[in-house]
Amino acid sequence: MAVSTLEATLVLPEKTLPETKISGERATYKANNYLTKYVSVSFGTEDPVFLPLERPTWQVQVYFKLPRMEPLPLAFLDVDAETGEVTPFTDEQIDTYLYRANAYAQLHASSSTRPV
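Cut-offs used in this document
- Residues numbered from 1 in each chain as written.
- Predicted model: local features only at pLDDT ≥ 70, side-chain atom pairs only at ≥ 80, totals over all residues.
- Heavy atoms only, no water.
- Core = buried A, V, L, I, M, F, W, Y, C linked by side-chain atoms within 4.5 Å.
- Buried < 20%, exposed > 50% of the residue type's maximum accessible area, 1.4 Å probe, protein only.
- Helix = DSSP H or I, 4+ residues; strand = E, 2+ residues; numbered from the N terminus.
- Contact = heavy atoms within 4.5 Å.
- Pairing = 2+ DSSP bridges.
- Axes fitted to C-alpha atoms, helices over the stretch in contact; angles between N-to-C directions.

Caption draft 1: Quick look at the nonpolar core. Within the largest apolar cluster, 25 residues are counted, with the highest numbers of intra-cluster contacts made by Y34, L35, F43, F64, L74, L77 and F89. At the level of elements, α1 (24–38), β1 (43–51), β2 (57–64), β3 (72–80) and α2 (91–112) are the ones that each hand at least two residues to this core. The greatest single-element share of this core, amounting to five residues, is contributed by β3. Setting aside residues up to four positions removed in sequence, F89 forms contacts with Y34, L35, V39, V62, A75, F76, L77, I94 and Y97.

Spelled out as structure tokens, the structure:
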């Protein structure tokens, strides 16, 4: 009795992002401009993720960044993939993120100035 094998190659279709007027790079740029103007120059964004919602959205990760400190991820910020409009944080959210960033900076500063 002869045994034969069947080789199959699984080919998955490539997933492509739908066409949007705003690229992930442009969404990051717009989000960074918003943060600089309304929150703090010490906040920045990276890692845009496209969300195919009813209204297509780029979601970017918001970080608190200072020299000689690891970035602290704090929040997500949405950017409309069609218009480039940033969904603003509320005043309460901004206060919370600034409070947490300040606490993180104080902890880092106190640990870096301790004698070894």
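Still more ground to cover, so stick around.
Caption draft 2: Region of interest: unusual backbone geometry. Positive phi outside glycine occurs at D47, with the angle close to 55°. Relative to the assigned elements, D47 resides in strand β1. Exposure remark for D47: the relative accessible area of 44% places this residue in the partly exposed category. One non-glycine residue, R68, lies in the positive phi region at around 60°. Following the sequence through the fold, R68 ends up in the loop between β2 and β3.

Caption draft 3: The arrangement of the sheet that holds β1 in detail. With respect to topology, three strands assemble into an open sheet ordered β1-β2-β3, the strand pairing being antiparallel. Unpaired on one side and paired on the other, β1 and β3 mark the two borders of the sheet. Averaged over all pairs of adjacent strands, the angle between strand axes in this sheet comes to 25°, irrespective of strand direction. Sheet topology note: the β2/β3 ladder contains eight bridges and is antiparallel. What sits directly across from Q61, in β3, is F76. α1 rests against β1, β2 and β3 of the sheet, and its axis sits at about 145° to β1.

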